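Chain and residue survey
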Amino acid sequence: MAKSEIIIGCMSWGKWGKQFSTQEATDLIQFCVEHGNTAFDHADIYGDYTTEAEFGKAFVESGIAREEIQLVSKCGIQLVGETRNNKVKHYNYSKEYIINSAEQSLKNLKTDYLDTFLLHRPSPLMHPNEIVEAITKLKETGKIINFGVSNFTPSQVDLIADKIPVSVNQIEFSLTQHAAMQDGSLDQILQKNMQPMCWSPLGTVFRAENNQTKRIKTVLKTLSEKYAVTENILLLSWILKHPAKISPVIGTTNKARIINANKALVLDLDTEDWFALLEASRGLETA
């Protein structure tokens, strides 16, 4: 399971974003590790199934020992693209496909094991027995350490967890998208002692101009002055204060922003300020 509390998301490192050279990726891997961000979040689909292999090459070049980092990857989504002959986007959670996907990720990332292996999104056709057989084999052969899911509802987690331990759930969670506090997801995570990760931790605060984000920015401005930190640190510290101990997956590749994000780890956001931000997001008092 990821050791660093703030995880580096790698979706935009390759074809879907920055298109880093091997040297640029190597340099960023080394930088992240030096600053305590030792967990890297991948998925087989990133960069149309190309980003993992690019990262793997850069990781070898970095000279960093495997035990110094944690690698997370996901499988299950079948995209329509240049690298696969799919006619329509769909999901595949057959035993054979799950095992093959994990083994391909190992090959791409130049590693013998994944610290955490996730089912990327739930499929209406998934059968828990197929999943259990695949994960059991991958664990028994040492190819994955921790098994989890991503974007699963509590009932979908239970469908699998009744048969095999699910130790991670990577969910969407932020000040602008906090349904996980109402739909039972974070309650289940606490109850089952699972490790939550969250993608898009800054939400839409800096990407959308609407009544919700306007209210949030008003409170952020006041709190930014109170704590002498930037607004994105406040948004991350809001997540980190939750008792489930959620690990944000940050998508930035900017070194200064990575350093800045880590400041959220030492910011103790006051409880009333936490609720002030929630109230601003919801547009009404906490019930």
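In this report, we go over the structure that sits alongside the text. (Residues numbered from 1 in each chain as written. Predicted model: local features only at pLDDT ≥ 70, side-chain atom pairs only at ≥ 80, totals over all residues. Heavy atoms only, no water.)

This part takes up the layout of surface pockets. Of the pockets and cavities examined, the largest pocket occupies roughly 780 Å³. Met11, Trp199, Ser200, Val249 and Gly251 are the residues nearest the centre of the largest pocket, which is lined by 30 residues in total. Put simply, the parts of the chain that give the lining of the largest pocket at least two residues each are helix H9 (231-240), strand E10 (247-250) and helix H10 (255-262). Residue composition of the lining of the largest pocket, grouped by class: 13 nonpolar, 11 polar and six charged. (1 Å grid on protein atoms, 1.4 Å probe; cavity = no way out; pocket = protein on both sides within 12 Å on 5 of 7 lines; lining within 4 Å. Points joined across faces, edges and corners; volume = space filled by probe spheres on them. Helix = DSSP H or I, 4+ residues; strand = E, 2+ residues; numbered from the N terminus. Nonpolar A, V, L, I, M, F, W, Y, C, P; charged D, E, K, R; others polar.)

Tallying each qualifying case throughout the model produces eight aromatic pairs. Look at Phe173 and Trp238: their rings are 5.6 Å apart centre to centre, the planes differ by 20°, and that puts the pair in the stacked class. Residue Phe173 is located in the loop between strand E8 (168-172) and helix H7 (185-191), and its partner Trp238 is located in helix H9; the two are separated by 65 residues in the primary sequence. Residue classification places Trp238 among the buried positions, given a relative accessible area of 0%. Above the plane of the ring of Tyr113 lies Arg66, whose end atom (NZ or CZ) is 4.0 Å from the centre. (Phe/Tyr/Trp six-rings, centres within 6.5 Å; stacked < 30°, edge-to-face > 60°. Buried < 20%, exposed > 50% of the residue type's maximum accessible area, 1.4 Å probe, protein only. Lys NZ or Arg CZ within 6 Å of the ring centre and 35° of its normal.)

Residues other than glycine predominantly adopt negative phi, and peptide bonds predominantly adopt the trans conformation. For Lys110, which is not a glycine, the phi torsion comes out positive at approximately 55°. Tracing the backbone through its elements, the reader meets Lys110 in the loop between helix H4 (95-109) and strand E6 (114-119). Relative accessible area serves as the criterion here: at 47%, Lys110 is assigned to the partly exposed category. The phi angle at Ser200 is positive, at roughly 55°, despite the residue not being glycine. For Ser200, a relative accessible area of 22% puts it in the partly exposed group.

Strand order around the closed barrel formed by eight strands is E1-E2-E3-E6-E7-E8-E9-E10, with parallel pairing between neighbours. Looking at each pair of strands side by side, their axes are set apart by 30° on average, direction ignored. Here strand E3 (residues 70-75) runs beside E6; their pairing, made up of four bridges, is parallel. Counterpart to Lys74 in the pairing with E6 is Leu118. (Pairing = 2+ DSSP bridges. Axes fitted to C-alpha atoms, helices over the stretch in contact; angles between N-to-C directions.)

The interhelical angle for the contact between helix H8 (residues 211-227) and helix H11 (residues 271-282), taken along N-to-C directions, is 160°, at an axis separation of 7 Å. Between H8 and H11, the angle is such that the two are roughly antiparallel. In the crossing of H8 with H11, the sense of the turn from one axis to the other is right-handed. Counted together, Gln212, Arg215, Ile216, Val219, Leu220, Leu223, Lys226 and Tyr227 of H8 and Asp273, Ala276, Leu277, Ala280, Ser281 and Arg282 of H11 form the full contact between these two elements. (Parallel < 35°, antiparallel > 145°, perpendicular 65-115°, else oblique. Left-handed = near helix turned anticlockwise from the far one by under 90°. Contact = heavy atoms within 4.5 Å.)

Okay, the pairing of strand E7 (residues 144-150) next. Counting buried residues along E7, six of its seven residues qualify, which places the element largely inside the surrounding structure. Handedness of the E6-helix H5 (residues 128-140)-E7 crossover: right-handed. Two strands pair when backbone bridges link them, and E7 and E8 are joined in this way by three bridges, in the parallel orientation. Note that in E8 the partner of Gly148 across the bridge is Val168. Handedness of the crossover joining E7 and E8 through helix H6 (residues 154-161) is recorded here as right-handed. (Right-handed = clockwise from strand over helix to strand, strands pointing away.)

Looking now at the environment of Asn211. Following the sequence through the fold, Asn211 ends up in helix H8. According to the relative accessible area criterion, Asn211 is exposed, its value standing at 55%. Expressed as a C-alpha distance, the spacing of Asn211 and Ala280, which sit 69 residues apart in the sequence, is 9.5 Å.

Glancing now at the nonpolar core. Ranked by internal contacts, the top residues of the largest apolar core, which has 74 residues, are Phe40, Ile98, Leu119 and Phe147. The contact partners of Ile98, leaving out residues within four places of it in the chain, are Cys75, Tyr93, Phe117, Leu119, Ile131, Ala134, Ile135 and Leu138. With seven residues, the next largest nonpolar core counts Leu118, Val168, Met197 and Val249 among its residues. (Core = buried A, V, L, I, M, F, W, Y, C linked by side-chain atoms within 4.5 Å.)

Take H10 next. Turning to H10, its buried residues are Ile258, Asn260, Ala261 and Asn262. Residues of H10 that are buried in the fold lie against strand E1 (7-9), helix H1 (22-34), H9 and E10.

We now examine the side chain of Asn86. Here Asn86 is to be found in the loop between strand E4 (77-78) and strand E5 (90-91). Classification of Asn86 by relative accessible area gives buried; the value is 16%. Not counting the four nearest positions on each side in its chain, Asn86 is found in contact with Gln78, Leu79 and Val80.

This paragraph deals with the pattern of salt bridges. As enumerated under the stated definition, the model contains 12 salt bridges in all. Of the charged contacts in the structure, one is a salt bridge between Lys15 and Asp48, with a shortest N-O distance of 3.6 Å. Residue Lys15 is located in the loop between E1 and H1, and its partner Asp48 is located in helix H2 (residues 46-49); the two are separated by 33 residues in the primary sequence. The exposure class assigned to Lys15 is partly exposed, which follows from its relative accessible area of 39%. As a salt-bridge pair, Asp273 and Lys226 come within 2.7 Å of each other at their nearest N and O atoms. Of this pair, Asp273 sits in helix H11 while Lys226 is found in helix H8, placing the two residues 47 residues apart along the sequence. (Salt bridge = Lys/Arg side-chain N within 4 Å of Asp/Glu carboxyl O.)

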